[in-house]
There are 2 protein chains.
Amino acid sequence: MSREVTIYDIAKELNISAATVSRSLKNHPAISDKTKQKILATAKEMGYRSNTFARNLRRQKTNTLGVIVPRLNSTFMSEVIAGMEKVANEAGYNLIISQSLEMMKKEAINAATMFNNRVDGLLVSLAYDTDSIAHFEPFIQKNIPLLFFDRICDQQQYAGIVINNYQAAYEITAHLIEQGCQNLFHITGNLSRNVYADRFNGFRQALADHQINHSPEYLLINNLSAQEGKATAHLLLQKKTLPDGVFVANDTCAVACMLELMEKGIRIPEDIAFTGFNNDPISWVVKPQLTTVHYKGFDMGETAAQTLINRLNHGQEASNQTIVLPHELISRQSSLKHATS
Amino acid sequence: MSREVTIYDIAKELNISAATVSRSLKNHPAISDKTKQKILATAKEMGYRSNTFARNLRRQKTNTLGVIVPRLNSTFMSEVIAGMEKVANEAGYNLIISQSLEMMKKEAINAATMFNNRVDGLLVSLAYDTDSIAHFEPFIQKNIPLLFFDRICDQQQYAGIVINNYQAAYEITAHLIEQGCQNLFHITGNLSRNVYADRFNGFRQALADHQINHSPEYLLINNLSAQEGKATAHLLLQKKTLPDGVFVANDTCAVACMLELMEKGIRIPEDIAFTGFNNDPISWVVKPQLTTVHYKGFDMGETAAQTLINRLNHGQEASNQTIVLPHELISRQSSLKHATS
DNA sequence: TTGTAGGCGTTATCAC
DNA sequence: GTGATAACGCCTACAA
């Protein structure tokens, strides 16, 4: 393993000082174009590559952003990552990515690792069961920019990148009501997570605004996995009266629940209309296709990364507002009743 | 932003040398337990955290593994990443992940970034159109361990982690034949990729071994996206004689193709039986459910990371064999004809 | 426009 | 067992 070429080697080769080499490589204005050219050429020729550690050590900066997500394996989240990667790359940042696997404990461990690796900033979408953000304290104390996205922290002082989950839920619920549904249920996740709380609130408000009464048991909470979707189907079947419309807070769970009910002879959407959330590929593959809410993960990733980078560049002055991105209702008639009125 | 605590600060605090502090922190055997305890306590108390750059600079090692994958957004790949992350974490390595988005050009850029970031080793699954691995030359020249997985490099000297694609394809094709299919087609990706070449060969061999003739147009190549799956459906419809069985090299494309054909009045599986590859969630959600091949992405990720780390620890002596992981045929009768004999 | 010199925080090599 | 010291490669006042 041959030794690495350093700026000193280049300097010696050209009989100039290392400082000049360093400056040329950074395209410093004070260096004449001629020397710059010469140095760049020699650097390439000698196979020079800058040493990130030395640079980081000197500058007290890593040019690395940390990302902690609940899971990587959803269409949505991988789009988010792709968007982040694009922006980060263009701005000269690297991404270190880790998954909490929906566990606060692992989220905390990951946060500690990120901290020790001196990430310049951290992007986080909270785990399912996170009920304290104490593990992010070190970042706050050291003033390392911390930005939440999608599943954000409800405390006022922490801004984040989100969509209007309330509004989206309102719209999709109103849609069900317009199709003639009268007895609506909602299946969702931990209401401590903003995304689920907001969706529930939107759902409730839509019911209220349309003067729809609801069963006292209209709210069903699970972890939104396929498995629990299936289990919840059985739970529904044991109710005295079945709902005629169900709004599920994600597509995976919606599809699993729906398929299980069909298995048991329930007709979808004639007996029960279903809607989901996320516009996951399974929502358009499943029969009947699922009405759902689409929001661009890629854009969210881009926005999150860009916002964080702005904050890195401009420090405290940078805005700390929560940013709300647009969403879109994807209405697939096949999953909806037709209005009976 | 208060200045970071260094080993010198701890040393000064305790009136000892920085060297002793450093050794204690590394749990060096030559330090007495008493001093060690004292130092550890003070370090914690002062909020010390070791500086990775200084450490890396000194040791010429980053404790970071690079990962380049075609895309993150598949169930399979996210499982791979999860497996890698687990092993890497346990061994004290970090992961830097990037996507080539199936483009060799971006793969090359990513490789360069990884190289400049001095990753200790690199894990790669090749992009769809990669036809040269010249962009990995710097790693080879500098003797930085490079390991391919799933979509590996066919050149002999580069080992990798794979499944037996040939065997899996053979099995699934034989399955179709046993169900009575006589006119089989194969839809797959770029045959320069080992995974697709091997699957094609397995398919062909199964036909040969069962004395099944095939149409001269039985091989259809596309990029295996949903979009092209749909397009290929139309292509099939223009054939003089439709196939009665199709083996598609991934589930996404299989499902898209199948759904489009059903849209056009073809009965699945009565007219055409379909099989896929990957055991993606859509393969069990779609009706009829798709017979497919399952292989554990998580295991592949674990194995790949572990193999790379072994090579880092043991240098050249470490084995450089290609490792073949098991797969499993997931037979879902609903997607298959019943044997007619 | 270019050069000099010191320091970023750690670890390895000597010495004691 | 512990301490002093010299790198690791780069950046940046300050000087020339």
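The shown structure was predicted, so the numbers you read here are calculated from the model rather than taken from an experiment.

1. Concerning the overall build of chain A
Within chain A, the secondary structure is distributed over 13 helices and 12 strands. Over its C-alpha atoms chain A spans a radius of gyration of 26 Å, topping by over 25% the 20 Å that the globule rule assigns to 341 residues. Expressed as a percentage of the 341 residues in chain A, the buried residues total 55%. A separation threshold of at least 6 residues defines the contact pool for chain A, and within that pool the share at least 24 residues apart is 74%. Total accessible area on chain A is roughly 15,200 Å²; 50% of this is exposed by carbon and sulfur atoms.

2. Details of helix α2 (residues 18–25) of chain A
Residues and elements named next belong to chain A. When α2 is considered as a whole, its buried residues turn out to be A18, T20, V21 and S24. Down the axis, α2 shows its buried residues gathered within 160 degrees of arc, on one side only. Close packing links the buried residues of α2 with α1 (7–14) and α3 (33–46). At the exit of α2 stands N27, carrying a positive phi of roughly 60 degrees.

3. Some details on the UniProt feature "domain: HTH lacI-type" (unreviewed entry) in chain A
Here, UniProt's "domain: HTH lacI-type" (unreviewed entry) annotation points to residues 5–59 of chain A. The span residues 5–59 of chain A carries 69% helix and 0% strand; its end-to-end C-alpha distance comes to 20 Å.

4. Remarks on the packing of helix α1 (residues 7–14) of chain B against helix α2 (residues 18–25) of chain B
Residue and element names in this part refer to chain B. Contact geometry of α1 with α2 gives a least axis separation of 8 Å together with a crossing angle of 115 degrees. Regarding the angle of α1 to α2, the classification is roughly perpendicular. Considering only the axes of α1 and α2, their crossing is right-handed. Between α1, through I7, Y8, I10 and A11, and α2, the contact on the second element is made entirely by A18, V21, S22 and L25.

5. Observations regarding the pattern of salt bridges
Counting across every chain of the model gives 16 salt bridges over all chains. Between K61 of chain A and D120 of chain A there is a salt bridge, with the nearest N and O atoms lying 3.7 Å from each other. Residue K61 of chain A is found in the loop between α4 (52–59) and β1 (64–69), and its partner D120 of chain A is found in the loop between α6 (104–116) and β3 (121–124); the two are separated by 59 residues along the sequence. A salt bridge links E217 of chain B to K239 of chain B; the shortest N-O distance between them is 3.4 Å.

6. A few points about the protein's contact with DNA strand D
Every one of the 26 residues lining DNA strand D counts as a neighbour, but I7, Y48 and R58 of chain A together with T20 and R23 of chain B are closest to it. When atoms of DNA strand D within 4 Å of the protein are split into backbone and base, the sugar-phosphate part holds 59%. One of the backbone nitrogen or oxygen atoms of S17 of chain B is found 3.0 Å away from a phosphate oxygen of DNA strand D. The separation between a phosphate oxygen of DNA strand D and a polar side-chain atom of Q60 of chain B is 3.4 Å. Of all elements in the fold, only α1, α2 and α4 of chain A together with α2 and α4 (52–59) of chain B reach the threshold of two or more residues within the surface near DNA strand D.

The rules behind the values
Residues numbered from 1 in each chain as written. Chains lettered and ligands numbered in written order. Predicted model: local features only at pLDDT ≥ 70, side-chain atom pairs only at ≥ 80, totals over all residues. Heavy atoms only, no water. Helix = DSSP H or I, 4+ residues; strand = E, 2+ residues; numbered from the N terminus. Rg over C-alpha atoms; globule rule 2.2 N^0.38 Å. Buried < 20%, exposed > 50% of the residue type's maximum accessible area, 1.4 Å probe, protein only. Contact = heavy atoms within 4.5 Å. Areas by Shrake-Rupley, 256 points an atom, 1.4 Å probe, with all protein chains shown as cover. Arc of directions from axis to C-beta. UniProt positions renumbered as here; feature names shortened; annotations may be inferred. Axes fitted to C-alpha atoms, helices over the stretch in contact; angles between N-to-C directions. Parallel < 35°, antiparallel > 145°, perpendicular 65-115°, else oblique. Left-handed = near helix turned anticlockwise from the far one by under 90°. Salt bridge = Lys/Arg side-chain N within 4 Å of Asp/Glu carboxyl O. Near = heavy atom within 4 Å. Polar contact = N/O pair within 3.5 Å; in protein donor to acceptor, adjacent residues only side chain to side chain.

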